[in-house]
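# A structural walkthrough
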Amino acid sequence: MKRFALIGAAGYIAPRHMKAIKETGNDLTIAYDINDSVGIIDSISPQSEFFTEFERFYDYAYRLKRDPQTALDYVAICTPNYLHLPHITASLRLGCDVICEKPLVPTKEDLEELLRVEQETGKKVYNILQLRHHQAILDLKKEVEEANKEGKYEVELTYITSRGKWYMESWKGDSRKSFGVATNIGVHFFDMLHFVFGKLEKNVLHYADEQKAAGYLEYEKAKVRWFLSIDANDLPAEVKGKQPTFRTITVDGKEIEFSKGFTDLHTVSYEEILAGRGYGLEDARFSVETVEYIRTAPIEVAKPEEGHPVLAQLLK
């Protein structure tokens, strides 16, 4: 049984980590969040210590480190994106391996800093890249690898996840903290595209504002038109008012269904990490570099063959 700490216990994604820790037969020893809305711990790990000040959390974790019988093995990080780097490095210096939500860090410079601290501490950072474990994505990757296709696949990615007015009032609506829509909700899709279709060869941004972004990516084996949005007005007519999220990817006109099981992959990710097959810093490098470029890229007029179908509506 491994001993876990969790930083960011009141966040949206934290319950999936708590569930993964429990389902892999491990112990959530200590949790921390500045907010105390963490009642879910009672149904998963009621014996866990809990702190609302980072200093008290860190001091307690450091004391545990003195005894091999109590020392923490892993720290899971579910905090706002801009805090990932300091929370990861603090956890490494506690002598723990780290499991962090995406986006891991916003820049290549931050990634290099994590590599340095890994070397200094001898500990390792793992990124949750759960789509790499989704069976539909694994099947697509196998199909692409085995196909003797001339030319590149034509891919269209659309992800609309409606968010209420609270979103823009939270840290997620502050681009200094979330790093914007393309980073916050798109990073794992960009990782998945790289995972399936190979090296990125072209990255073009066609549209970006606080609520949505669109662009074009070209990989070794695919041409991808993408659109991401948190605006319910962008939902297709057939689902508007019926469901808050629309997620689809088509490959040469064929839809790849990967909505089912999308929320059940954290336990699989933990199982792989604990078995020594987790995705580390170099695995995360591609998606970090992709979204860093998108955040600073100039807006370009889309070529007819490169623009996502919704782009014309956005530019009206």
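An unreviewed UniProt entry lists the protein under the name Gfo/Idh/MocA family oxidoreductase, with Ignatzschineria larvae DSM 13226 as the source organism.

Okay, the pattern of salt bridges next. Applying the stated rule across the entire model yields 20 salt bridges. The shortest N-O distance in the salt bridge between Glu23 and Lys19 comes to 3.2 Å. Of the two residues, Glu23 and Lys19 both sit in helix 1 (residues 14–23), 4 residues apart, roughly one turn of that helix. As a salt-bridge pair, Arg285 and Glu289 come within 3.8 Å of each other at their nearest N and O atoms. One end of the pair is Arg285 and the other is Glu289, both in helix 12 (residues 281–296) and 4 residues apart, which spans about a single turn.

Next up on the list: the side chain of Asp231. On the secondary structure map, Asp231 appears in the loop between strand 10 (222–229) and strand 11 (245–251). Residue class for Asp231 comes out buried when judged on its relative accessible area of 13%. A distance of 3.0 Å separates the side chain of Asp231 from the side chain of Lys212, its partner in a polar contact. A distance of 2.9 Å separates a polar atom in the side chain of Asp231 from the backbone nitrogen of Asn233. Apart from the residues within four sequence positions on either side, Asp231 is in contact with Ile160, Gln211 and Lys212.

Rules used in this analysis
- Residues numbered from 1 in each chain as written.
- Predicted model: local features only at pLDDT ≥ 70, side-chain atom pairs only at ≥ 80, totals over all residues.
- Heavy atoms only, no water.
- Salt bridge = Lys/Arg side-chain N within 4 Å of Asp/Glu carboxyl O.
- Helix = DSSP H or I, 4+ residues; strand = E, 2+ residues; numbered from the N terminus.
- Buried < 20%, exposed > 50% of the residue type's maximum accessible area, 1.4 Å probe, protein only.
- Polar contact = N/O pair within 3.5 Å; in protein donor to acceptor, adjacent residues only side chain to side chain.
- Contact = heavy atoms within 4.5 Å.

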